[in-house]
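Take a look at the letters that make up each chain.
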Amino acid sequence: MRNMGKKLNICAFVLALLLLVPLAGCGGASDNGTPAETPGQTSAAPAPILPETTAPPEEPAAEDEATHVSTAGEFLEAIAPGAVIELAPGTYNLTEYLRGVSDTVSDYVVRGFNDGWQAEIREVEKLTIRGAKGGKVEVVAEPRYADVLYFSNCSDIAIENITFGHTIEQGNCEGAVLAFDHCQKISLDSLDLYGCGTYGVAANHTVGIALRDCIIRECSYGIVDLRFCSDAVFADCTFRDNGGYDMLSLCGAFARFEGCAFTGNEGTGFLSAYYNGGSESGARFERCAFGRWESQRLNEELKDRGSFVIGEDCRFEVVAGKRIVHVSNMEQMIENIAPDTQILLAPGRYNLSDALAALYAREGERFNESREFVRIDEEYDGPELVITGVSGLSIASESGSAADTEIVTDPRYADVLQFENCSDIGIMDLTMGHTDTGDCIGDVLYFSQCSDIVLSGLDLYGCGVYGIGTSECAYMTCFDSTIRDCENGALELYDAQSRQMFLNCVMTGSGSGGWFYADDDSDGEFYFYRCTFGEGESNSLAFYDGITAEDCSWSEITEYPDYSGKSPEDSVFFALDTTRLKAAPFDAKVLMADEYYILYQIVNRQSGEVHFEMSDDVRYLTFEEDGRGCFWTDDEKGRPFNYEMDSAYSCAISFDDGGKASFNLYADRGGALPDSEEGTIWLALCLEDEVLWCY
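Everything numeric here is computed off the predicted structure, so don't read it as measured data.

A. Expanded view of the overall build of the protein chain. In terms of helices and strands, the protein chain carries nine helices and 61 strands. Looking at the protein chain residue by residue over its 695 residues, the buried ones come to 53%. Put simply, of all contacts in the protein chain between residues at least 6 apart along the chain, 60% involve residues at least 24 apart. Of the roughly 30900 Å² of accessible surface on the protein chain, 47% is carried by carbon and sulfur atoms.

Next comes the structure, spelled out in structure tokens:
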């Protein structure tokens, strides 16, 4: 009975309180008897007395773990990994504080000197800096050549609800407002960044910058300066009254702008004018609004640039001059391929080989004769689309997401998309691959003698021999993309003419990392920044001296380079390393340069198993000028055939006995066998069940 009596006493006490509420009121009463409300509040009926079975009240909210600061010194000294720092309303002059301290403020903050002291934050993870609500929080610096805040080798940084700028008037600055060097995962929310800073945000070798609901205004050089950056997103931001040079200064960088407003800006250009020395860049704009000057500049600058895409619902005071086409099937895409054209593909899964087969069935050779920028090549097992001689073309998903839009091809001997002699090409936000697995020759994307290629947001998958193949190409950059499950390797970059860059990409599940070759006279180099490699890719690339990899993630090395099999000289054969071969274009003269081609190894097309010819009668092929040839077997008469080139890389064979086959030529880059020389020609004869490699 003791517990029941206690409950009754509590109920009586609560009832008495409820009876007092109408008498005491809260802030007075209105004329109609309704209690007046405090601004920002709403009236509510008294809470009912609930039965005992009601769930207990929630636990009290945890005490705020933030460090509350009110001076510049307290702010900088509180910076540390994992810290949450809340700045009270007021102005924080960092320069005044830095004048009176040593060069080392703390383990994570130092002061650097330009034309005055600068706060430099180094090697900090999971740091949050936020302004308190209820008043303006402003952080300023005095030196014109100093960044207001500079971050180096930091990650997981969040800054919100603060105004940043320089104390002097606009102009004559060389320091940015916020600067990031070799950082990742930067979140900037509800910030006001103002000049005279050169740029509102300057970043170098940084992956993952997100600005949301921010203002960048009155800066003296431009809006943002991004160098070798990827995964940069600007959402619902306002960029106004900035002037100077390029408003979007992008060098080897890709950025996305969603729901942003550009107004009152004016400089030498809107987009970056770099485009040299491996600095190819790109951007995508969705639901953005452009003022008069910005519209006029884009009208001129977008014409020859396939790496800058204008999405739906963008608004211009002057209509942009680039031709923008929305398509919903492969035939529409093919028919709209032309210079200075942006093709946006509606979400869906598209079979390109079906469309090519239908077009060729309808038009035959007239298709190739009547199109200037596309042609259909017939490979051994189906058609292939070749895009040729185009400048300023972009192909992108309409939705902006590779998960929504996929292009596939059936023939394993065809590239999904092939480009030759093209420039200023952009391919963005698409999934691409082959429908089947097994022995193949085609890559997913292949470029021959192209320049200024920007790839972004792609998902490329096998069974393509390589995810991306290039030959004699200059200035290619791939951002934020995945290459997976390709037969031989992720990449084949042959005879590179300049820097080929991969930023924030994932390469996994393929046979190897691939093959990279640059002529001594071409200035070719291969650069990877913050990329992630799977087991096969790591096993090959970890031992490759021809690449530069910075801040990349590697899988555990499980095997070292090795040759298996045995060599003919000492009854030991070495399996041919086909990753060291490059498909070679040829004509009849090249084909007949050798009197015959001798069988070296046999590959089962289903299992991939390699075996060698052990009989005394060695099989070989001969070719004649009149399109005749013979496959010599144990039969003294052999198997005569007719051969006809069906592309620059493939010949079709029709045996006199009714059989069909095809063959391709490959150039040895050196190392296909332990002692093989660069330039050796290999011939792959593709029969129904096996591939015969001859030399």
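Anyway, onward from the coordinates.
B. Representation of the sheet that holds strand β1 (residues 67-69) within the structure. Sheet architecture is open: 10 strands sit in the order β1-β2-β6-β9-β12-β15-β18-β22-β25-β27, paired in parallel fashion. In this open sheet, the two edge strands, each paired with only one partner strand, are β1 and β27 (308-310). The sheet shows a mean angle of 10° between the axes of neighbouring strands, direction not considered. Where strand β22 (residues 254-258) and strand β25 (residues 282-286) come together, five bridges link them in parallel fashion. The residue of β25 that forms the bridge with A255 is A283.

C. Representation of the packing of aromatic side chains. Going through the model one piece at a time under the given rule, you end up with 37 aromatic pairs. Of the aromatic side chains, those joined through ring pairs into one cluster are F234, F239, F257, F262, F270, F285, F290, W293 and F316. The ring of W117 is capped by R111, whose NZ or CZ atom sits 3.6 Å from the centre of that ring. Above the face of the F655 ring, R639 is positioned so that its terminal group lies 3.8 Å from the ring centre.

D. Broad picture of the side chain of E301. Tracing the backbone through its elements, the reader meets E301 in helix α4 (residues 292-301). One polar contact links the side chain of E301 to the main-chain amide nitrogen of L271, over a distance of 2.9 Å. Beyond its immediate sequence surroundings of up to four residues, E301 is in contact with G269, F270 and L271.

E. Here's a closer look at the sheet that holds strand β38 (residues 431-434). Read across the sheet, seven strands follow the order β31-β35-β38-β41-β44-β47-β50 without closing on themselves; strand pairing throughout is parallel. For this open sheet the edge positions go to β31 (348-351) and β50 (532-533), each flanked by a neighbour on one side alone. Pairing of strand β44 (residues 482-484) with strand β47 (residues 506-508) involves three bridges; the strand directions are parallel. Paired with R484 across the strands is T508, a residue of β47.

F. α4, seen in detail. The set of residues buried in α4 consists of W293, E294, S295, L298 and E301. Turning to α4, the residues buried within the fold contact β23 (261-263), β24 (266-269), β26 (289-290) and β28 (315-316).

G. Here's a closer look at helix α6 (residues 352-363). Along its 12 residues, α6 runs 17 Å from first to last C-alpha, staying within 8% of the 16 Å computed at 1.5 Å per residue. Listed as buried for α6 are L352, S353, A355, L356, L359 and E363. The buried residues of α6 occupy one face: seen down the axis, they fall within an arc of 160°. Just downstream of α6, G364 is the residue with a positive phi angle, here 60°.

H. Local environment of the pairing of strand β34 (residues 393-397). Among the five residues of β34, five are classified as buried, and the element is accordingly described as predominantly covered. The two faces of β34 match: L393, I395 and S397 on one face and S394 and A396 on the other face are all buried. The pairing of strand β30 (residues 341-345) with β34 spans five bridges and is classified as parallel. Considered in β34, the bridge of I343 is made with I395. Of the strand pairs in this sheet, β34 and strand β37 (residues 423-428) are connected by three bridges, and their pairing is parallel.

I. Here's a closer look at the pairing of strand β18 (residues 230-235). Judged by how many residues are buried, β18 sits mostly within the fold: five of six residues are covered. Inspection of the sheet shows strand β15 (residues 207-212) paired to β18 by five bridges, in the parallel sense. Across the sheet, R212 pairs through a bridge with A235, a residue of β18. Note that β18 and β22 share four bridges and pair parallel. Paired with A232 across the strands is A255, a residue of β22.

J. Summary view of the pattern of salt bridges. Applying the stated criterion across every chain, the model contains 27 salt bridges. In this structure, D551 and R530 form a salt bridge, with 3.9 Å as the shortest nitrogen-oxygen distance. With D551 in the loop between β51 (548-550) and β52 (581-583) and R530 in the loop between β49 (525-529) and β50, this pair connects stretches of sequence that are 21 residues apart. Residue class for R530 comes out buried when judged on its relative accessible area of 16%. Members of the salt-bridge network, linked through shared partners, are R256, R284, E286 and D429.

K. Structural view of the side chain of T470. Structurally, T470 is set in strand β42 (residues 466-471). What makes T470 buried here is its relative accessible area of 0%. Dropping the residues within four chain positions of it, T470 is found in contact with Y446, F447, M476, E492, L493, Y494, Q500 and K582.

L. Summary view of the nonpolar core. Grouped together as the largest cluster of nonpolar side chains are 74 residues, with contacts concentrated most on F151, F164, F257, F262 and F285. The element best represented in this core is helix α2 (residues 72-78), accounting for four residues. When sequence neighbours within four positions are dropped, the list of residues in contact with F164 reads V139, V148, L149, I159, V177, L178, L191, D192, L193 and Y194.

M. Structural view of unusual backbone geometry. The residue after G195, namely C196, is reached through a cis peptide bond having omega 20°. By secondary structure assignment, the location of C196 is in the loop between β13 (192-194) and β14 (201-204). In this chain, G462 is followed by C463 through a cis amide linkage whose omega measures 20°. Looking at the secondary structure, you find C463 in the loop between β41 (459-461) and β42.

How each quantity is defined
Residues numbered from 1 in each chain as written. Predicted model: local features only at pLDDT ≥ 70, side-chain atom pairs only at ≥ 80, totals over all residues. Heavy atoms only, no water. Helix = DSSP H or I, 4+ residues; strand = E, 2+ residues; numbered from the N terminus. Buried < 20%, exposed > 50% of the residue type's maximum accessible area, 1.4 Å probe, protein only. Contact = heavy atoms within 4.5 Å. Areas by Shrake-Rupley, 256 points an atom, 1.4 Å probe, with all protein chains shown as cover. Pairing = 2+ DSSP bridges. Axes fitted to C-alpha atoms, helices over the stretch in contact; angles between N-to-C directions. Phe/Tyr/Trp six-rings, centres within 6.5 Å; stacked < 30°, edge-to-face > 60°. Lys NZ or Arg CZ within 6 Å of the ring centre and 35° of its normal. Polar contact = N/O pair within 3.5 Å; in protein donor to acceptor, adjacent residues only side chain to side chain. Expected span 1.5 Å × (residues − 1). Arc of directions from axis to C-beta. Salt bridge = Lys/Arg side-chain N within 4 Å of Asp/Glu carboxyl O. Core = buried A, V, L, I, M, F, W, Y, C linked by side-chain atoms within 4.5 Å.

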